[in-house]
2 protein chains.
Amino acid sequence: MAFLSTQPYKGTRDFYPDDLQIRDWIFSKMREVCASFGYREYDAPMLEPFELYAAKSGEEIVNQQLYWMMDKGDRKMAVRPEMTPSMARMVAGKIHELPKPVRWFSIPNLWRYERPQRGRLREHWQLNVDVLGADPLYADAELLTLAFSMIRKFGGEAHVSIRVNNRRLMDELFGKRMGLSAENTLKVTKAIDARPKIGEEKYAAALSEAGVTDAQRKDLESFFSSSLEKVATDFPCAGSEELVKLFRLLEESGIAASGSEAKVVFDPTIMRGLDYYTGTVFEMFDTSPENNRAMFGGGRYDNLVGLFGKDKLSGVGFGMGDVTLRDFLETHSLLPKMPGTVDVFVSLPKEESRGQAERIARDLREAGLRVITPLEVGGFGTQLKQAVKHGARHAVLFGDAEFAEGKVLIKNLALNSQETVAFGEIVEKIRG
Amino acid sequence: MAFLSTQPYKGTRDFYPDDLQIRDWIFSKMREVCASFGYREYDAPMLEPFELYAAKSGEEIVNQQLYWMMDKGDRKMAVRPEMTPSMARMVAGKIHELPKPVRWFSIPNLWRYERPQRGRLREHWQLNVDVLGADPLYADAELLTLAFSMIRKFGGEAHVSIRVNNRRLMDELFGKRMGLSAENTLKVTKAIDARPKIGEEKYAAALSEAGVTDAQRKDLESFFSSSLEKVATDFPCAGSEELVKLFRLLEESGIAASGSEAKVVFDPTIMRGLDYYTGTVFEMFDTSPENNRAMFGGGRYDNLVGLFGKDKLSGVGFGMGDVTLRDFLETHSLLPKMPGTVDVFVSLPKEESRGQAERIARDLREAGLRVITPLEVGGFGTQLKQAVKHGARHAVLFGDAEFAEGKVLIKNLALNSQETVAFGEIVEKIRG
């Protein structure tokens, strides 16, 4: 018989306990920050009807990246490639009952069929944070403030910049000023998005193919390096007005003020790939040169819930993947050493002490301590090594003389000290 | 345009925040108990190669219940219907590095194509706990002790019994004593498993079809009501010896002792459906008459990792589904009222107080409190209602006179009291 492979499916990860502990540490921080802003966690099924993504997720995801199957009832089901459509479905389902604004987050695993590479896998986890049903700019400002608090929670605020743009401003520029069709606007948008990857030559060719003249391309270049003040003067429109107002709010939140924490900047090259954005869009970048990539992105989507009924509700949200975040934390040495997961090791030198060892372990556990026993009888040295290997802080040891007197030896493995303690006082002694 | 449905896929659940809070409360208890026994959490990808299940998961799961698809690289991939095969794969992958015994747990979501009914859905979460590489009976005893501690943690110990049997004992009975072929043994096993569902008539017919004579069926009936002592005397074999030894260990753990906590009992009708069990098997039952179903089950599997290579390692494990557990907790009123998720509501009466409100909210968040603001300016009464709706304990209110003096009103919504506090003392006052 041929053996089965022990490797996980290409582009996915096994989380052995040490890895899961790190993932869990990261998720805990995410949950803490979201909770501190009053956001509540939700979850949805892993499989959704194919149509849910066909509607809005964009052609690349639907045609090339979706994992899907027919179920035995002939329904076409997809493994979720993103969370926003499920979230919109759930909000639409209780649109009249939910208190507004809806402040929600989730940390789902998502699947896309991609060529695995650094920062991009087939299965990844992604923090999704959304606010729906609030005045757009105030919600956008709160969400950006939360995003920045998140990265500060990880100690990474010195290494990032959040770059903000507005889709309406771009519509004004591409549609009204440059006279591009919707189709050509999309091509130009994608070329600008891809520019760092495809290089200058291909970028210029893509623009020219989309009907952008050389003169327009030069204008575009100068637009890209404009300050928000200049853009507001040169392009008075809903988009530039929103940007000005948003940045005023971000100054009040203290994250766009001039000075050392000015981490949120206007960047007119930010486009965002997904088709459903309609206003503010943003990305967070790792600013270290060797790692210059978007760590997360998001934006405003008007009326996504409109796919599910006549009610309207707009929102703003972002997604933050665990793979790029962990790369970021490792690059900048922001992952702390994980703490041990065992408090007490209760040894088992002979079969006769098993009953007593069990009782001690039970009492310690009921007092909230994490306790392991070796299960099998073994020598003093071997068992002490096991205790150390498990990172236990204390070991409970049975000496013959002490045992006869109803006592044990408690060894503090951190301090390398030990003392004799009566059976009934062990919990108190170890809890300190 | 036809609207998309807001309903989740048949047999699955949306977890709105109130539901997710309960799920999270349940999972936290599970994690706490597992950690108190030194078990560590792991996770594996949601999709695995189809062959992983074809090997051992049993015909019903593989042929009728598996969600699978061909990926774009022509690999046959399945959505996991159970966690044990992934766990065995991971253990096999690091068999020489992992410290023994391997004490692991996970709370994966699992998928099976079934007819949805009470206690059974297409997507459910399942706590999986396993010990590998330890002396079988000691490991079996620890696992059962952990399982019992789990149900005690939920306050449900008065409503359950854990019923234990041994596959080797059944092999002795069916094979050696009754002379049944392996195929007929399987049929009889399934009939005994299904007996409460199919009724006496069909049960008798199934046994007779499997070559069991009427006399043998009577003997079987008397076997089913035998005490462990009688079975040990009448059927001396490896299986009955293991059971006697296991129960002695469980008495030392205090969960099989006579008296009020005698919750673990010998039950020779416990069979377990899965094919890979080889020794101790067990199920936990809700003993209330209206809800008499298995809440979880498990057993010993010898050398599951043998599918992946030449090394051998045996283990024992159990799985506990979230759907039946939640039913159980609700039936017995064991779910507490969930606590509020907001500590402080910072009001926003006018645009001019926004900057100050933001600073107060930021300071409170940095002090570890969960804070929401209404985002939009609004009247006193409306905003106070919002604060109450969110379950906030405190509301920060801006009165004109107080604001001019650099002060706010802090309302304690639980006590319905209020006091005037300077901007700089708000955190201290609210943290108490």
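For the rest of this paragraph, the subject is the domain arrangement of chain A. According to the domain assignment, chain A contains domain 1 (23-331) and domain 2 (344-431). Taken over C-alpha atoms, the centre of domain 1 of chain A sits 53 Å from the centre of domain 2 of chain A.

With that settled, the discussion passes to the sheet that holds strand E15 (residues 394-397) of chain B. Across the sheet, 5 strands lie side by side as E14-E13-E15-E16-E17 (chain B); this open sheet has mixed pairing. Each end of this open sheet is capped by a strand with a single partner; those strands are strand E14 (371-372) and strand E17 (417-422) of chain B.

Once that is clear, we can look at helix H7 (residues 182-209) of chain A. All names here are of chain A. The end-to-end C-alpha separation of H7 is 14 Å, well short of the 40 Å expected for 28 residues at 1.5 Å each. At Ile198, H7 shows its largest bend, some 135°. Within H7, the full set of buried residues consists of Asn184, Thr185, Val188, Thr189, Ala191, Ile192, Arg195, Tyr203, Ala204 and Leu207. Those residues of H7 hidden inside the fold are in contact with helix H6 (167-177) and helix H8 (214-224). Phi for Gly211, located one or two positions after H7, is positive at around 85°.

Another aspect to go through is the relation of the copies chain A and chain B. Laying chain A over chain B is done by rotating through 180° and shifting 0.0 Å along the axis; what remains is an RMSD of 0.1 Å. Between the two chains, the operation in question is that of a two-fold axis. Residue Met69(A), judged by its C-alpha, is the member of chain A lying nearest the rotation axis, at 2.7 Å. Comparing contact sets, 100% of the residues at the interface of chain A also lie at the interface in chain B, consistent with an isologous, same-surface contact.

With that out of the way, let us pick up the interface of chain A and chain B. Across the contact, 98 residues belong to chain A and 98 residues belong to chain B. A buried area of about 8,100 Å², summed over both sides, lies between chain A and chain B, and 59% of it is on carbon and sulfur atoms. Inspection of the chain A/chain B interface yields 8 salt bridges. Across the pair Arg152(B) and Glu366(A) runs a salt bridge whose closest N-O atoms are separated by 3.7 Å. Across the chain A-chain B interface, the total number found is 39 residue pairs in polar contact (both at pLDDT 80 or more). The dominant element in the side of chain A that touches chain B, judged by the number of residues it contributes, is helix H1 (residues 17-36) of chain A, at 7 residues. A class-by-class count of the residues in the side of chain A that touches chain B yields 45 nonpolar, 21 polar and 32 charged.

What follows concerns unusual backbone geometry. All names here are of chain A. Omega for the bond connecting Lys100 with Pro101 falls within 30 degrees of zero, at -5°, which places this linkage in the cis form. Structurally, Pro101 is set in the loop between helix H4 (84-93) and strand E5 (102-106). One non-glycine residue, Ser333, adopts positive backbone phi at about 50°. Position of Ser333 among the secondary structure elements: in the loop between helix H11 (322-331) and strand E13 (344-346). Judged by its relative accessible area of 64%, Ser333 falls in the exposed class. In this model, Asn416 sits at a positive phi of 55°, which is unusual for a non-glycine residue. The topology assignment puts Asn416 in the loop between strand E16 (407-412) and strand E17 (417-422).

Calculation criteria
Residues numbered from 1 in each chain as written. Chains lettered and ligands numbered in written order. Predicted model: local features only at pLDDT ≥ 70, side-chain atom pairs only at ≥ 80, totals over all residues. Heavy atoms only, no water. Domains from an automatic or database assignment. Pairing = 2+ DSSP bridges. Helix = DSSP H or I, 4+ residues; strand = E, 2+ residues; numbered from the N terminus. Expected span 1.5 Å × (residues − 1). Bend = angle between axes of the 7 residues up to and from the residue. Buried < 20%, exposed > 50% of the residue type's maximum accessible area, 1.4 Å probe, protein only. Contact = heavy atoms within 4.5 Å. Least-squares fit on C-alpha atoms with pLDDT ≥ 70 in both. Buried area = accessible area lost by both parts, 1.4 Å probe. Salt bridge = Lys/Arg side-chain N within 4 Å of Asp/Glu carboxyl O. Polar contact = N/O pair within 3.5 Å; in protein donor to acceptor, adjacent residues only side chain to side chain. Nonpolar A, V, L, I, M, F, W, Y, C, P; charged D, E, K, R; others polar.

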